[in-house]
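# Observations on chain architecture
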Amino acid sequence: ATGSFDALVRVHGLKSGKSLKEMRGHTSYVNGVDWSADGSRLASASSDGSVRVWDAKSCDCLHSFRPPAPTGAELAVNSATFLPNSSDALLVCNRSAEAFVTSLSGDITTRLASGKREGGDFIASMVTAQGGWVHA
């Protein structure tokens, strides 16, 4: 799956390279896309400040939420990654000094802080394959 500057999430055929499905709903760039481990859902992160969770078959948006921004301003969301050991949790990274583990509907279960007041904003994050470590 891909995200693009036209605010769309697309699913492509690996052999053909053709766009097979489109998911619409973001209002700005889609910065990141991730598949759930079972392939039934996609999560997308956008410069419109939102995370969306999509049904991979129907292309319906199942959940949409905005992670908190420390300044009250709307921040672009850089990534939303499914946790490998949980089908109902995401690691969400917006350009702030915190990354969040959330439910698919956006409820925060864990806050991960950089520990810096200035110059410590996260811009990317990932989870190890076993789900034991977060790199941000």
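Residues numbered from 1 in each chain as written. Predicted model: local features only at pLDDT ≥ 70, side-chain atom pairs only at ≥ 80, totals over all residues. Heavy atoms only, no water.

Attention now moves to unusual backbone geometry. With a phi close to 70°, Ala 7 is a non-glycine residue in the positive phi region. Position of Ala 7 among the secondary structure elements: in the loop between strand E1 (2-3) and strand E2 (9-12). The class of Ala 7 is buried, set by a relative accessible area of 9%. At Cys 59, a residue that is not glycine, the phi angle is positive and equals roughly 70°. Checked against the element boundaries, Cys 59 lands in the loop between strand E6 (51-55) and strand E7 (61-65). (Helix = DSSP H or I, 4+ residues; strand = E, 2+ residues; numbered from the N terminus. Buried < 20%, exposed > 50% of the residue type's maximum accessible area, 1.4 Å probe, protein only.)

To continue, consider the pairing of strand E3 (residues 19-23). As paired elements, E2 and E3 share four bridges and run antiparallel to each other. Each bridged residue has a counterpart across the sheet, and for Val 9 the counterpart in E3 is Met 23. (Pairing = 2+ DSSP bridges.)

Right, let's get into the sheet that holds strand E4 (residues 30-35). On the basis of which strands lie adjacent, the open sheet formed by four strands has the order E4-E5-E6-E7 and antiparallel pairing. Pairing within the sheet leaves two strands with one partner each, and these edge strands are E4 and E7. With strand direction ignored, the average angle separating the axes of adjacent strands in the sheet is 15°. Judged from the five bridges that link them, E4 and strand E5 (residues 41-46) form a sheet pairing that is antiparallel. (Axes fitted to C-alpha atoms, helices over the stretch in contact; angles between N-to-C directions.)

Here we take up the nonpolar core. Ranked by size, the top nonpolar core spans eleven residues in total: Ala 43, Ala 45, Val 51, Val 53, Phe 65, Val 77, Ala 80, Phe 82, Leu 90, Val 92 and Leu 104. For this core, the elements supplying multiple residues, two or more each, are E5, E6, strand E8 (77-82) and strand E9 (89-94). Tallying contributions element by element places E8 first for this core, with three residues. Setting aside anything within four residues of it in sequence, one finds Ala 45 in contact with Tyr 29, Val 30, Asn 31, Gly 32, Ser 50, Val 77, Asn 78, Ser 79 and Ala 80. (Core = buried A, V, L, I, M, F, W, Y, C linked by side-chain atoms within 4.5 Å. Contact = heavy atoms within 4.5 Å.)

With that out of the way, let us pick up the packing of aromatic side chains. If you walk through the whole model with that rule in mind, you get one aromatic pair. Each ring, one from Phe 5 and one from Tyr 29, has its centre 4.6 Å from the other, and the planes form 80°; the classification is edge-to-face. One end of the pair, Phe 5, is in the loop between E1 and E2; the other, Tyr 29, is in the loop between E3 and E4, with 24 residues separating them in the sequence. According to the relative accessible area criterion, Tyr 29 is partly exposed, its value standing at 40%. (Phe/Tyr/Trp six-rings, centres within 6.5 Å; stacked < 30°, edge-to-face > 60°.)

Our focus in this paragraph is the sheet that holds E1. With antiparallel pairing, three strands are arranged side by side in an open sheet as E1-E2-E3. Each having just a single partner strand, E1 and E3 make up the two edges of the open sheet.

With that settled, consider the side chain of Ser 79. By the element assignment, Ser 79 lies in strand E8. For Ser 79, a relative accessible area of 11% gives the class buried. Within the structure, Ser 79 has its side chain in polar contact with the side chain of Ser 125 (distance 3.2 Å). What Ser 79 contacts, discounting residues up to four positions off in sequence, is Ala 45, Leu 91, Val 92, Cys 93 and Ser 125. (Polar contact = N/O pair within 3.5 Å; in protein donor to acceptor, adjacent residues only side chain to side chain.)

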